[in-house]
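Residues per chain are reported as follows:
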Amino acid sequence: MPEDPTATDATPTGPGERAGGRDAPDPRGAALLDALVARLGDGIIESAFACGTPVVRVRREAWRRAAEVAKHDLACDYLSFISGIDWQPAPRPAGDDSGDTSAPVQPTEMTFGAAGGAGRFQVFAHVSSTARHHGLTLKVDVDEDEMRVPSWVPVYAGADWHERECWEMFGVVFDGHPSLRRLYLPAEFEGHPLRKDFPLLAREVKPWPGLVDVEGMPGEATEATEATEATEVSPG
Amino acid sequence: MTTTTPHFELDPRALRHLADAQVNVELDTGDMVLNLGPQHPATHGTLRLVVRLDGERVVAADPVIGYMHRGYEKLTEFRTYPQVTTLINRIDWLSSFANEVPFIWAAELLMEIEAPPRAQWIRTLLTELSRIATIYLFLGEMGLQVGALTPAFWAFRDRELVLNLIEAATGGRFHPNFNRIGGLKDDLPWGWIAECRRAMRRILDGCDDFEDVLVGNEIFEARTRGVGIIPAELGAAYGVSGANLRASGVDWDLRRDGRPYLAYPELDFKVWTHPDGDSFARYWVRLQETRESARMVLQLLDGLPSGPIMAKVPRIIKVPEGECWVETENPLGQMGYYVISKGATGPFRVKIRSASFSNVSILPWLLRGVYVPDVITILASLYFILGDIDR
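In what follows, the accompanying structure is described. (Residues numbered from 1 in each chain as written. Chains lettered and ligands numbered in written order. Predicted model: local features only at pLDDT ≥ 70, side-chain atom pairs only at ≥ 80, totals over all residues. Heavy atoms only, no water.)

Residue and element names in this part refer to chain B. Pairing is antiparallel in the open sheet, where three strands are placed in the order E6-E7-E8. Every other strand in the sheet has two partners, leaving strand E6 (322–330) and strand E8 (349–353) as the edge strands with one partner each. Between one strand and the next, the sheet's axes are offset by a mean angle of 10°, whatever the strand orientation. Two strands pair when backbone bridges link them, and E6 and strand E7 (residues 333–341) are joined in this way by nine bridges, in the antiparallel orientation. (Pairing = 2+ DSSP bridges. Helix = DSSP H or I, 4+ residues; strand = E, 2+ residues; numbered from the N terminus. Axes fitted to C-alpha atoms, helices over the stretch in contact; angles between N-to-C directions.)

Contact residues are listed per partner, giving 59 residues for chain B and 68 residues for chain A. Summing the contributions of chain B and of chain A, the shared interface buries around 5200 Å²; its carbon and sulfur component is 55%. Taking the shortest distance from any N to any O, the salt bridge between B:Glu323 and A:Lys139 comes out at 2.8 Å. Inspection of the chain B/chain A interface yields 26 residue pairs in polar contact (both at pLDDT 80 or more). Here the side of chain B that touches chain A gets five residues from one element, more than from any other, and that element is E6(B). In terms of residue class, the side of chain B that touches chain A is built from 26 nonpolar, 13 polar and 20 charged. (Contact = heavy atoms within 4.5 Å. Buried area = accessible area lost by both parts, 1.4 Å probe. Salt bridge = Lys/Arg side-chain N within 4 Å of Asp/Glu carboxyl O. Polar contact = N/O pair within 3.5 Å; in protein donor to acceptor, adjacent residues only side chain to side chain. Nonpolar A, V, L, I, M, F, W, Y, C, P; charged D, E, K, R; others polar.)

For A:Lys196, the location among the structural elements is in the loop between strand E7 (173–175) and helix H5 (201–205). In terms of polar contacts, A:Lys196 uses its side chain to reach the backbone carbonyl oxygen of B:Phe348, at 2.6 Å.

Moving on: the sheet that holds strand E1 (residues 32–36) of chain B. All names here are of chain B. Strands sit in the order E1-E2-E3 across an open sheet of three strands; the sheet is antiparallel. Both edges of this open sheet fall to E1 and strand E3 (57–64), since each of them pairs with a single strand only. Across this sheet, the average inter-strand angle for adjacent strands is 20°, counted without regard to direction. Note that E1 and strand E2 (residues 48–54) share five bridges and pair antiparallel. Residue pairing for E2: Val33 is matched across the bridge by Arg52.

Spelled out as structure tokens, the structure:
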């Protein structure tokens, strides 16, 4: 049977729950965070550390301002990326045993990562400083009914392609983007592929043949099954 | 062999304005749209460039990408952590080993395990070897773009030595899939270290040859100096990284300046920069970096620690809930993964930040106002891999 990770996980290991562990505040990051709080004030909803990197969730109204502060006041002149997250788990229409059983089983409730969240979609970005060598992850919640976020193109020129990608992959509209058009996908493509409810059709039509590869030799079938967490390997 | 930094006097911004002014002021002769690609040989793959021309000058350039989009960010959500390395091998296919390292590192950070020192050193060795294999090809190919055939043959000849080393250690020339969470699949084979030393001496000699043939060459300089200048601030705002940004005078290398990873903190190496930001500077910086990499490989061979190559790792890998951003200095620039885990055997979401995507996103700005033949040298000097743009 596919295991439910939430059930087997005895010790909670959520972000920020281990003092001095993986997600402990890093002194340089903390100073960066203080500087950001001093300038954005109410614009910040929540902040946390994820593996040493400060993660800050800001209000939608403060999204553009956050970029300006990061670039001009915190010397974060370098844009790594802008992208989106769909926190809703992918639907499994008829229970865990249906469809593609070889894909890893994810929790079925919607939970949020570092710095929390509200609603299904988030846009997140990472900026860093080429001179001072620090970095910062910024997140903003996207209202599912509206799907609009201010564009960063006026601040970081490189936001152009990242936002075009995020728009076609998640359906988030960036207000103020000069030309929001498709980047990767053909013009007639329908849907937003990186949303969790967009099925990976290849897997739906034909289950992943990976299990066949590790099917053991006659007599060894039990061990191979255990090693790959296969649900049931038919003896062939 | 010259080691002094050549200097170019023009302010890049002044030159840019000059180009703009000339495009706009000249008599309107009617624009012509030229399609470069998707099969143009100078684009190294399936990049299509729609260029609007006024005479010989580019008025606007619009790169059309996505002919090779494979949807890796979606596919990672359907695979377990160890399976993901197979996918990310194919992002930048010239330096596959270097692609695996940051992802494995992210998983290790989330699981709070650390690979033993010997594994870290061998990872560093193979990363630097893939850097040499990737950039060495560029050093030859750049000559090809300005009409010099010989360097390309030299590059392919000597790169073979490095690929043979990678193949001997990992079993794969292009897609090693050699990293494991917590270490490596195997140790180095017998005789590999002596062979590696010999190859590095050949690479260092080869770099001298490239320098003799191209860097001082009048035609090469005429085609690359003052062409395709990227100002430092704009380059950073576009996310241009690696040698492309260092050639604009930005002294930033994640091997030295980022979060410490692999064996880099223990190595002695120099980060090369060039103030000009033109195609020539990008060539020059990469040439120096290849030499530096070869020297780093020799250092690594001297100091290779003994010990195990795998940490103690559970048989079924489940990564605890959390998220992690890692970035490393890859041959083409900054490679990053934002890995979000929900405690399952596979990632919940992986954002792949590939270097070429951002490096190429500056093209619409960079190509405005240049002549058609310069488009080719600028494309070549940015050095991108299509798989790294399209993912």
